[in-house]
Amino acid sequence: MAVVIAHRGASGYLPEHTLAAKRLAFEMGADYLEQDIVASRDGELLVLHDVHLDRISNVAEKYPERCREDGRYYARDFDLDEIRQLSAWERMRADGTAVYPDRYPVRSGDFGIPTLAEELALVRELNEAHGRDVGVYPEIKRPAWHKEEGVDIAPLLLAELRTAGYEGKDDPVFVQCFDAGEVRRLRLELDCPFRLVQLIGNNSWLESATDYDALRTPEGIAEVAAVADGIGPHLSHLVDVENVDGIPTVTDLATLARDNELVLHPYTFRADDVPPGFATFDDLVQFFVQEVGVDGLFTDFPDRVVSLLKV
């Protein structure tokens, strides 16, 4: 059965990456909780979806003079003590409207931005209290950018995981990254003992210098398999709807992953953002489990996926 990975926690119900969202995702039965990792000015690892603070917090109100020339507020420009003064919100667009208007109301709630250490402690406490073994799934965000900013977060992440008691591939840990060079470095230079997942995006996102079109070829996937244990493609990379009269068909990427013995964990399954070709969220999940044959799913709605997988 495919594992359920809570993408930023139960973010279909509470602001993403808050400890409350992670606790709820645990209670909903998720098998893994995701942590996106960025660094503060004083080198603390934060659980935050990207390097900016302005669209998920009141940073512009709290520190109005601290934006950069592009008008954005960067977590790297703030010490942990300053970040603890912020209120975290549901994600907004640049104009202040909600990205997902039917979710938790923006600019509301009493939530903070957690550190990785705090979240790992929460997972350990919940597992001990409930007799479960829910895993963690940290993502190293924009490692090349962080190095330009003067911090190398990959070894910091590995150290935090070891401090929390995780030791190797037998532990419920996946480390993921969009940057193919960093994934290779994790395995070959940093001797990462945990399972590695190469995330696959679109080149237009400018997520890293990686050529994702090349990565999805047989040669690219073979190179990934030499260092990683799995791939995390966008769900659109695994189905073709446009070229077959709107009827979803499975692309070659799933076969390439299986042929190279890579686990397949696509993202992101959202009940309020069902892609073309699928009538309902249930249809979407069932197609990827039964027809694509995925090993896991990143979702903002872990309760819905857990329920479907039990049927």
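Residues numbered from 1 in each chain as written. Predicted model: local features only at pLDDT ≥ 70, side-chain atom pairs only at ≥ 80, totals over all residues. Heavy atoms only, no water.

(A) Inspection of the nonpolar core at higher detail. L161, V175, I231, F288 and V292 are the most contacted members of the largest nonpolar core, which has 78 residues in total. For this core, the leading source of residues is helix α11 (residues 281–292), giving 6 residues. Contacts of L161, omitting those with residues within four sequence positions, involve L120, V136, P138, Y166, V173, V175 and F194. Judged by nonpolar contacts, the second largest core, of 21 residues, contains L14, L80, I83 and A88. (Core = buried A, V, L, I, M, F, W, Y, C linked by side-chain atoms within 4.5 Å. Buried < 20%, exposed > 50% of the residue type's maximum accessible area, 1.4 Å probe, protein only. Helix = DSSP H or I, 4+ residues; strand = E, 2+ residues; numbered from the N terminus. Contact = heavy atoms within 4.5 Å.)

(B) Main features of unusual backbone geometry. The peptide bond linking Y267 to T268 adopts the cis configuration, its omega dihedral lying at -15 degrees. Take T268: it is sitting in the loop between β10 (263–264) and α11. The phi dihedral of H17 falls on the positive side, at around 60 degrees, and the residue is not glycine. You can see H17 is positioned in the loop between β1 (3–6) and α1 (19–27). Residue E261 is not a glycine yet carries a positive backbone phi of 60 degrees.

(C) Local environment of the pairing of strand β11 (residues 296–299). In β11, alternate side chains face the same way, and those of G296 and F298 on one face and L297 and T299 on the other are all buried. As judged from the 4 bridges shared by β1 and β11, these two strands associate in the parallel manner. Among the inter-strand pairings, I5 is bridged to a residue of β11, identified as F298. (Pairing = 2+ DSSP bridges.)

(D) Structural view of the packing of aromatic side chains. Per the stated rule, a full pass over the model turns up 15 aromatic pairs. A centroid spacing of 5.4 Å and a plane angle of 80 degrees characterise the contact between Y104 and F111, whose relative ring orientation is edge-to-face. Of the residues examined, F111 reaches a relative accessible area of 13% and is grouped as buried. Both rings, one in F287 and one in F288, keep their centres 6.1 Å apart while their planes meet at 75 degrees; by these two values the pair is edge-to-face. Assigned by exposure class, F287 and F288 land together as buried. An aromatic cluster is built from Y32, Y137, F174 and F298, whose rings are joined through pairwise contacts. In this structure, R66 packs its charged tip against the face of Y63, placed 5.3 Å from the ring centre. One residue, R103, lies across the ring of Y100, its end atom 3.9 Å from the ring centre. (Phe/Tyr/Trp six-rings, centres within 6.5 Å; stacked < 30°, edge-to-face > 60°. Lys NZ or Arg CZ within 6 Å of the ring centre and 35° of its normal.)

(E) Broad picture of helix α9 (residues 218–225). The complete set of buried residues in α9 reads G220, I221 and V224. Seen end-on, α9 carries its buried residues on one side only, within an arc spanning 95 degrees. Residues of α9 that are buried sit in contact with β6 (195–200), α8 (212–215), β7 (230–233) and α10 (253–259). (Arc of directions from axis to C-beta.)

(F) Representation of the layout of surface pockets in the model. Here the largest pocket is characterised by a volume of approximately 1,100 Å³. Around the largest pocket sit 40 residues that line it, and R8, W205, H234, Y267 and R270 are the ones nearest its centre. Where the lining of the largest pocket is concerned, the elements lending two or more residues are β2 (32–39) and β8 (239–240). Each residue belonging to the lining of the largest pocket can be placed in one class, and the counts come to 16 nonpolar, 8 polar and 16 charged. In this model, the second largest pocket occupies a volume close to 180 Å³. (1 Å grid on protein atoms, 1.4 Å probe; cavity = no way out; pocket = protein on both sides within 12 Å on 5 of 7 lines; lining within 4 Å. Points joined across faces, edges and corners; volume = space filled by probe spheres on them. Nonpolar A, V, L, I, M, F, W, Y, C, P; charged D, E, K, R; others polar.)

(G) Expanded view of helix α4 (residues 116–130). Here α4 is 15 residues long and its end C-alpha atoms lie 21 Å apart, about the 21 Å a rise of 1.5 Å per residue gives. All buried positions along α4 are accounted for by L116, E119, L120, A121, L122, V123, L126 and N127. On the buried face of α4, the contacting elements are α1, β2, β3 (45–47), β4 (135–140) and α6 (153–163). Phi for G131, located one or two positions after α4, is positive at around 65 degrees. (Expected span 1.5 Å × (residues − 1).)

(H) Here's a closer look at empty space enclosed by the protein. Under the defined criterion, the tally for this structure stands at 2 cavities of 30 Å³ or more. Approximately 80 Å³ is the volume found for the largest cavity. Around the largest cavity, the lining residues are E16, H17, T18, V47, L48, H49, I56, A88, W89, G112, I113 and P114. Grouping the constituent residues of the lining of the largest cavity by class yields 7 nonpolar, 4 polar and 1 charged. Together, R8, S11, E16, E90, R91, Y100, R103, R270 and D300 line the second largest cavity. Grouping the constituent residues of the lining of the second largest cavity by class yields 1 nonpolar, 1 polar and 7 charged.

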